[in-house]
Each structure stands twice: as structure tokens, then as C-alpha cells.
Amino acid sequence: MASLSVKPGQRFTLPDWQNNSLLISADAEQQRYNSHHIRQEGRALRNETGNQARWDEHNSRTRLNDRITSVDRWREALARCLTDTDLEIDALTKVKEAAENALQAKNLCLDVAIECLTFRESRRDIDVVRDLVEKELLREVKVIEKTKKELQQRVDDAFKQLCRLKEARQQLSCDHQHKVETLELDRQCVSFNPTSGNISFKVNATRIPDGTTALREWELNSQRNKEHAEAEMRASVDLRGAIMLSIAQTNNELDAQRIATEFALRKRIRDVEGALSELRWQEQNTLEEIAEMEEEIRQLEEDIRKRTLDLKVAHTRLETRTYRPHIELCRDQAQYGLTDEVKQLEGTIRALQQKRTESQDALDALYRQLHRIQTDIGYKTNSLQLDNKCMDTRKKLVIPVEKFDPEVDAVNRTRNLPRNSQLELA
């Protein structure tokens, strides 16, 4: 008969078999729990790092845009200062040429006076006297020589001032060009995004390059360049006035008084224009603040509307839960939470309404101030027009010094000069 074959090997008991199954199940559950925990941690980490990366990129982009705005504002200020410097160089050049022409014109007067004295040397006998005519001719020669010496000094001063103006302009031009290049680079940085084709890892990207300056030093450098140019322009304006006055002093006392009056008018025009510029700056800032305040009020009203809707939801939830049956109508945590939410929302709405009232009052005050500023601008504009009419009327008082009237308008040029109150970027 055939016998039953038995496979060799270890035999396990039924409890071993059951324990093995339970162990496998327990291990599986533990592994699933561990996997779930890791997945949750991974998801949280992804969310946290993703949000952090987006905020960091947003902050960097915002800082870049703010930096671009700051640099662009300085670029515009330097560009305006460059334009004013060029205008002032041109104006001073014309006044210098005017002084040279006036100096050249004095040669004819001197030649005539000397020639008259020479002619009078041909007098004979008793007519060779020191009469009043000779005295006046000799005095005329002295006056002309003194005038020539003064005009020559003015020409030399104008030449030196032109050199200083051109030096200041060179500094402004370099600073302006550097800011143009910086703006181009920063705008290129703003345009970069993860899909850009020209992004890559860089070696030691966080290093501090050689020659790096502090922000305060950067601001002070531009401020110094601008203030230096403005100081040279103011000195140039003063010098041009002095040159014009020196030319005018060859006339009589009435002409000198007329020049002094024109200088007073010029100073008044500069003062009025400075006040107008300040008022227009204040008007622009007030208008911007009004726009921002109106937007803030709109945002407050929108928040009030949203919080009111939230309050309605909370009220509805509380009211709906009052219909819970019998023992279910208990003051549970949800009840306490809804009650606290209602109180919090009511307080929030009151605070928002109070802030809206304060904002509206501030907006009304801004409008009143704007009206006051615009009214004052109207007054000063009228005064400036009257002063300009005075200057135009005084053109009829042409100074007949060597039949010379300089082409440059030494009055109007001063109106374009920059003022320190117009730009404080630091």
C-alpha cells in the first residue's frame, strides 16, 4: 500500500498562526498610521514652505519695486537739475558774452575820450587851460578804465563760475547715468520669474560685492550732487545779477535805481514762485491723500458690510439652534462660541463705524485744506502775473549803455531754479 508523504519542515501551532496574522495586521495599521502622519507632515510642510516662498518672493518684488520708485524719483530729480544746470550754463554764458561785448564797447568810448584829449593838446597859447571840459574828459577816462577793470573782473568770475557749473553738471550727469543703468537692471530683476529662460544658480550669490555702499551713503551722495549743483546755480544767478548790475552802473543814478528795483522784483518773483511751487506740491500731496482716504473709507465700508453679513450668519445660527428639541437645547461649546462671535462682531462693527466716521471727518478736513490751498494758489498766481507784467512794462526802460541790451533774460531764468523744498528724498 502507498503511504502518505509528509513534507519536512517546521510545523506551527494554530495560535502561532493567529498571532502572526494579528501581528501582520497590527504592523500594517502602524505603517499606515506612520505613512498617514508623514503625509500630513509633508502636506503641512509643503503648504508652509510654498506660502513662505510666495511671501518671500512677493516681499522681494515689493522691495524691488519700492527701490525702483526711489531710484526713479532721484533720476527724475537729477534730470530736472541737469536741465536747470544746462539752462543756467547757457544763461551765464550769454551774460558772460554780454559782459565781454560791453567791455569791448568801452574801448570805443575810451578811444573817443583819449582822442578828444589828444585833439585838445593841439590847443595853443592861452587856450591851453585846464577847463571843465578837460576835467570831465579826464574823469571820463578814469570812469571808463574803472568800468573796464570791473567788467574784466566780472568776465573772469563768470569764466570760473562756468567751470564750477560744468564740474557740477558732470557729477550730476554721471549720477544720473548710473541711476538709469540701475533702473534697467532692477526692472530686469522684477521681470524674472520661475519660467524665465535666463535664470540659473550663481556662485556665491549672497556675497557683498566690492565697492558696495550703504543706503545712507547712496542717498547722501545724490543729495550732495544735487545740492552742490543747486548751490552753484544760485551762485551763478547771483553772479549774473552782479554782472548785469555792473553793466548797468555805467549809467546815471536813475538807471542804477531802476536796476535795483528790477533786482527787488526778481527776488520777489523767485519768492512767489517758490511759494507757488510749495503750494502746488502741497496740493498734489493733499489730492493724493484724499484719494487714499477715499479708498480707505470704501474699504472700511466694505469691511462693515462683510462683518454685518458675518453677524447675520451668527445671529441666524443662534436663532436656529433655539429650536433644538428637549434636552438637546443645551448651552454647549458651540452656543458659547456663537455668543462670543456675536459680541466680537458687534464690537468690530462699532470700531469700524467709529473709524469710518473719523476717516470721513479727516476727508472733510482734507477737502477744506485743499480749498484753502487752491485759493492761495489763485492769489499767488495773480500776484506773479502782476509782477511779470511789471517786468514786461519795465522793458520800456531800456538802458542805453553802449546801445547794448543782453539777449538773455536774467529774470525769467531764475524762475526755473530748483528749490530744496521741492524734493527731499532722503
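Conventions we followed
- Throughout this description, residue numbers start from 1 for each chain and increase along the sequence as written.
- Residue-level local features of this predicted model are given only where pLDDT is at least 70; pairs of side-chain atoms are given and counted only at 80 or more, and the full residue set underlies all totals for whole chains, interfaces and linings.
- With hydrogens and water set aside, each side-chain value is computed from the structure's full complement of heavy atoms.
- Going along the chain from the N terminus, every DSSP run of H or I of four or more residues is numbered as a helix, and every run of E of two or more is numbered as a strand.
- Here's how the labels work: a residue is buried when its accessible area is under 20% of the maximum for its type, exposed when over 50%, partly exposed in between, all with a 1.4 Å probe on protein chains only.
- Contacts between residues were defined by any pair of non-hydrogen atoms, one from each residue, lying within 4.5 Å.
- In these tables, accessible area is a Shrake-Rupley quantity obtained with a 1.4 Å probe, and a residue counts as shielded only by the protein chains included in the view.
- The predictor's confidence in any single residue is recorded as pLDDT, a number from 0 to 100.
- UniProt positions are given in the numbering used here, feature names are shortened, and annotations may be inferred rather than shown by experiment.
- Between Lys or Arg on one side and Asp or Glu on the other, a salt bridge is scored when a side-chain nitrogen of the former is within 4 Å of a carboxyl oxygen of the latter.
- Joining through side-chain atoms within 4.5 Å is the link that ties buried Ala, Val, Leu, Ile, Met, Phe, Trp, Tyr and Cys residues into a set, and such a set is a nonpolar core.
- Centres within 6.5 Å make a pair out of two Phe, Tyr or Trp rings, where for Trp the six-membered ring is used; the pair is then stacked when the planes are under 30 degrees apart, edge-to-face when over 60, and tilted otherwise.
- Definition used: whenever NZ (Lys) or CZ (Arg) falls within 6 Å of the ring centre and also within 35 degrees of the ring normal, the charge is taken to sit over that ring.

1. Examining the overall build of the protein
Scanning the protein from N- to C-terminus turns up 5 helices and 0 strands. Reading the helices (α) and strands (β) of the protein from amino to carboxyl end gives α-α-α-α-α. By the burial criterion, 30% of the 426 residues in the protein qualify as buried. The long-range share in the protein, meaning contacts at least 24 apart out of those at least 6 apart in sequence, stands at 89%. Per element, the accessible surface of the protein, about 29200 Å² overall, is 54% carbon and sulfur.

2. Considerations on the confidence of the model for the protein
Per-residue pLDDT for the protein has a mean of 78; in total, 76% of the residues score no lower than 70. Note on residues 251–258: pLDDT is under 50 here. Beyond four places in sequence and across chains, it has 7 contacts. Contacts of residues 396–426 to residues separated by more than four positions or lying in other chains number 72 contacts, the stretch itself having pLDDT below 50.

3. Quick notes on the UniProt feature "coiled-coil region" (unreviewed entry) in the protein
Cross-referencing UniProt, the feature "coiled-coil region" (unreviewed entry) maps to residues 134–161, 276–310 and 342–369 in the present numbering. For residues 276–310, helix accounts for 100% and strand for 0%, while the C-alpha atoms at its two ends are 50 Å apart.

4. Thoughts on the pattern of salt bridges
Taken as a whole, this structure holds 16 salt bridges when the rule is applied. Between Asp72 and Arg187 there is a salt bridge whose closest N-O contact spans 3.8 Å. Taken together, the positions of Asp72 in helix α1 (residues 14–120) and Arg187 in helix α2 (residues 132–191) put the pair 115 residues apart, joining distant regions of the chain. Judged by relative accessible area, Arg187 falls into the partly exposed class, the value being 45%. Salt-bridge contacts for Arg164 lead to Glu232; the nearest nitrogen and oxygen are separated by 3.6 Å. Placement of Arg164 in helix α2 and of Glu232 in helix α3 (residues 215–248) is noted, with a sequence separation of 68 residues between them. Residue Arg164 is classed as partly exposed on the basis of its relative accessible area of 35%.

5. Details of the nonpolar core
Counting 22 residues, the largest nonpolar core has Leu92, Leu172 and Ile243 as the members making the most contacts within it. Taken together, the elements giving at least two residues each to this core come down to α1, α2 and α3. In terms of residues, this core owes the most to one element, α1, which gives 9 residues. Each residue touching Leu172, except ones within four places of it in the same chain, is listed here: Leu78, Cys81, Leu82, Thr85, Asn225, Lys226 and Ala229.

6. Describing the environment of His371
Inspection of the secondary structure assignment puts His371 in helix α5 (residues 333–394). Separated by 88 residues in the primary sequence, His371 and Glu283 have C-alpha atoms spaced 9.2 Å apart.

7. Overview of the packing of aromatic side chains
Enumeration according to the criterion identifies 0 aromatic pairs in this entry. Positioned above the aromatic ring of Trp218, the side-chain terminus of Arg67 is 3.8 Å from the ring centre.

8. Considerations on the environment of Ala351
Tracing the chain through its elements places Ala351 in helix α5. The spatial distance from the C-alpha of Ala351 to the C-alpha of Ile304 is 9.5 Å, given a sequence separation of 47 residues.

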